[in-house]
Amino acid sequence: MKKLFMLCCASLLAACSSNSPAPQASLDGEVFYLQRIALPPAATLSVSLQDVSLMDAPAVTLASQAGPIKGNVPLPFHLSYDPAQVKPGHRYAVSARIEYQGQLLFISTEQHSVALDGSDQQPLRIKVDPAR
């Protein structure tokens, strides 16, 4: 009986100490362009959430999504990120690009700032412009 009790206590402690998944926050939105053209069937969309606080250093990516495009514009995206990575006083932005066979077709040319404090209006709308 004592061994059974010890085994139950050990199991309970192991269950309590197991790593729970980190809390996740997310940004949802859509990417669009104004040109009246269809994208090639194998085009890909990449969207990223980055810390753009430092001007003389590369941006730090908090979340990204990349994959084949399904359907027509607007193109939906979903970015999940760890809110523990969000630092007070830092600036964050979402950027997007559309490529086909490694060639850039469209890219966001304006900064789309996000606060990441729950006040961001969703869905975000990210406009991309032709790369040429």
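Residues numbered from 1 in each chain as written. Predicted model: local features only at pLDDT ≥ 70, side-chain atom pairs only at ≥ 80, totals over all residues. Heavy atoms only, no water.

1. Some details on the packing of aromatic side chains
- Applying the stated rule across the entire model yields one aromatic pair.
- Taking the centre distance of 4.4 Å and the plane angle of 15° together, the rings of Tyr33 and Phe106 count as stacked. In this pair, Tyr33 is assigned in the loop between β1 (25-32) and β2 (44-51) and Phe106 in strand β6 (residues 103-107), connecting sequence segments 73 residues apart. The pair formed by Tyr33 and Phe106 is uniform in burial state, with each residue classed as buried.
- Cation over ring: Arg125 sits above Phe32, and NZ or CZ is 4.2 Å from the ring centre. (Phe/Tyr/Trp six-rings, centres within 6.5 Å; stacked < 30°, edge-to-face > 60°. Helix = DSSP H or I, 4+ residues; strand = E, 2+ residues; numbered from the N terminus. Buried < 20%, exposed > 50% of the residue type's maximum accessible area, 1.4 Å probe, protein only. Lys NZ or Arg CZ within 6 Å of the ring centre and 35° of its normal.)

2. Quick notes on the pairing of β6
- Here four bridges tie strand β5 (residues 92-100) to β6, and the two strands are oriented antiparallel to one another. Within β6, the position partnered with Arg97 by the bridge is Ile107.
- The turn linking β5 back onto β6 is made up of two residues, and Gln101 within it adopts a positive phi angle of 50°.
- Relative to strand β9 (residues 129-130), β6 is paired through two bridges, and the arrangement is antiparallel. Within β9, the residue paired with Phe106 across the bridge is Pro130. (Pairing = 2+ DSSP bridges.)

3. Points about the pattern of salt bridges
- With the rule as written, the count across this model stands at three salt bridges.
- Put simply, Arg97 and Glu99 hold a salt bridge, and the shortest N to O gap is 2.8 Å.
- With relative accessibility at 31%, the residue Arg97 sits in the partly exposed group.
- One salt bridge in this structure joins Lys127 and Asp129, with 2.9 Å as the shortest N-O distance. (Salt bridge = Lys/Arg side-chain N within 4 Å of Asp/Glu carboxyl O.)

4. What to know about the nonpolar core
- One finds Val31, Leu39, Leu49, Val94 and Ile98 to be the most contacted residues of the largest nonpolar core, which totals 26 residues.
- The contacts of Val94, once residues within four sequence positions are left out, are Leu27, Val47, Ser48, Leu49, Phe77, Leu79, His112, Val114, Leu124 and Ile126. (Core = buried A, V, L, I, M, F, W, Y, C linked by side-chain atoms within 4.5 Å. Contact = heavy atoms within 4.5 Å.)

5. A look at the side chain of Ser48
- Following the sequence through the fold, Ser48 ends up in strand β2.
- On the basis of relative accessibility, which here comes to 13%, the residue Ser48 falls in the buried class.
- Ignoring sequence-local partners within four residues, the contact set of Ser48 consists of Thr61, Ala63, Ser64, Leu79, Ala93, Val94 and Ser95.

6. Some details on the confidence of the model for the chain
- Per-residue confidence for the chain averages 87 on the pLDDT scale, and 83% of its residues sit at or above 70.
- At the low end of the mean pLDDT range in the chain sits helix α1 (residues 2-17), at 44; at the high end sits β2, at 98.
- Low confidence marks residues 1-18, where pLDDT is under 50. Its contacts with residues over four positions away, or in another chain, come to zero contacts. (pLDDT = per-residue confidence, 0-100.)

7. Some words on the sheet that holds strand β8 (residues 124-127)
- Here we have three strands laid out as an open sheet, ordered β4-β1-β8, and mixed in their pairing. If you trace the sheet from one side to the other, it starts and ends with β4 (75-81) and β8, each paired once. Each strand of the sheet is rotated relative to its neighbour by a mean of 30°, with strand direction disregarded.
- Bridge count between β1 and β4: seven bridges; the pairing is antiparallel. Residue pairing in the sheet places Glu30 in a bridge with Pro76 of β4. (Axes fitted to C-alpha atoms, helices over the stretch in contact; angles between N-to-C directions.)

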